[in-house]
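Notes for the structure review
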Amino acid sequence: MKTYLVTGGAGFIGANFVLYMLDRYDDVRIINLDKLTYAGNLENLTAVEKNPNYRFVQADICDKEAVSALFREEEIDYVVNFAAESHVDRSIADPQIFVKTNVMGTVNLLQCAKEAWQVGDDTYRDGVKYLQVSTDEVYGTLGETGYFMETTPLDPHSPYSSSKASADLFVKAFADTYKFPVNITRCSNNYGPYQFPEKLIPLIMNNTLHHKPLPVYGDGMQVRDWLYVEDHCKAIDMVIRSGVLGEVYNVGGHNERPNIFIVKTIISYIKEHVDPEVGEHLITYVTDRKGHDRRYGIDPTKIKDALGWYPETTFEVGIKKTLKWYLEHKDWVEHVTSGAYQSYYQKMYEGK
Ligand code: NAD
Ligand code: TYD
């Protein structure tokens, strides 16, 4: 039995990872530590809440006492750090919480894991590992051609990506300074079930269903490299098991699409399956995001060659599965978009 401390496991990717692991393995125990911010939701985890190999703890990754207590209570083999403030637009409006959670929280987790796992000078219990879930946004932006490789210099632009890049540098510093066992994964944009409707795909989906304007930033020709969330979970699982200590692995499936293509795909799906009244007349071009990165694209050669990872879900299949999931989980959408989401939306999109 291996025990994973998964942080941020009540959010979009973290919850998908918890469900993915407990569905596949009987010899995996998961301790899910999550602060339950606006983005964390225990409803995402009802399928596993009674699983004897699962435990949920509500805590902040910045809280040294709470995190160290968990290391005393449980024999943790792996830390997988998903916990983060994850939305670029929120980071532009209010960067400080991004520094606190994404940078200081990561350093706290590293420090607690180091104290718990250390058995001698620069030596640690056998088989332990800390995995930092990072993002391709730390590389900045691409022009029309080329891809992000693991060797691409870090050049973040937004407060969000700057905080994630800072966290990556601390993870590297722990490896370089203390020989601490780490991996970093840098994945492209994820989509799939349980994504909070502040992100492009669920936001456009929800607005289309409600005949609300579909806000497209700038000219809509920014490119993102979309990966179905389960393929990201598979990559993380493989990196924990087989990743070479100290290495960074980029994760992406060569699925680059301009934003306007994504928006039009969602409209036509809803038009066909739900409501013939919706259409491209709902598209509203709005002021571009400040410092908006033009294009992201991952070169996944390293993780493919080294670990045999490949994406299983094509964009065409994944987007249909995702949109179907949202249609079948209207209650979930309603819960997460009531209350605080409404004031976020009004401030962000309606200038109120
Ligand atoms: P999310 O915003 O949906 O979820 C974040 C989770 O972290 C929530 O459950 C929240 O409650 C929790 N959290 C926030 N602050 C916390 C704190 N201080 N202590 C404990 N828990 C806290 O994010 P996501 O989209 O699932 O992203 C997860 C991770 O993957 C992040 O680190 C993000 O940078 C990274 N990532 C995301 C994408 C993407 O497309 N969404 C792509 C690549 C990498
Ligand atoms: P988002 O889902 O916020 O992910 P990220 O900024 O981390 O890539 O945005 C994806 C793309 O969609 C990005 O280029 C910004 C754009 N976008 C819009 O055009 N309108 C929106 O309302 C949102 C949320 C995003």
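What this report covers is the structure whose coordinates are included nearby. (Residues numbered from 1 in each chain as written. Chains lettered and ligands numbered in written order. Predicted model: local features only at pLDDT ≥ 70, side-chain atom pairs only at ≥ 80, totals over all residues. Heavy atoms only, no water.)

**A few points about the pattern of salt bridges**
It is possible for side chains of opposite charge to pair when their charged atoms get near one another. One pass over the structure, following the stated rule, counts 22 salt bridges. Arg-24 is the salt-bridge partner of Asp-23, the closest N and O atoms lying 4.0 Å from each other. By relative accessible area, Arg-24 is classed as partly exposed at 40%. A salt bridge links Asp-168 to Arg-186; the shortest N-O distance between them is 2.8 Å. Here Asp-168, found in helix 5 (residues 159-178), pairs with Arg-186, found in strand 8 (residues 182-187); they are 18 residues apart in sequence, far enough to count as distant. Note on accessibility: Asp-168 and Arg-186 belong to one class, buried. Here the residues in one salt-bridge network are Arg-29, Arg-55, Glu-73 and Glu-74, joined through shared partners. (Salt bridge = Lys/Arg side-chain N within 4 Å of Asp/Glu carboxyl O. Buried < 20%, exposed > 50% of the residue type's maximum accessible area, 1.4 Å probe, protein only. Helix = DSSP H or I, 4+ residues; strand = E, 2+ residues; numbered from the N terminus.)

**Comments concerning the sheet that holds strand 1 (residues 2-7)**
One open sheet holds the seven strands; their spatial order is 3-2-1-4-7-8-13, and the pairing between them is parallel. The open sheet has two edge strands, strand 3 (54-58) and strand 13 (248-251), and neither has a second partner. With direction set aside, neighbouring strand axes in the sheet form an average angle of 20°. The pairing of strand 4 (residues 78-81) with strand 7 (residues 129-135) spans four bridges and is classified as parallel. If you follow Tyr-78 over to strand 7, its bridge partner there is Lys-129. Here helix 4 (residues 96-117) sits on the sheet in contact with strand 1, strand 4 and strand 7, set at roughly 165° to strand 7. Lying on the sheet, helix 5 is in contact with strand 7 and strand 8; it crosses strand 7 at an angle near 155°. (Pairing = 2+ DSSP bridges. Axes fitted to C-alpha atoms, helices over the stretch in contact; angles between N-to-C directions. Contact = heavy atoms within 4.5 Å.)

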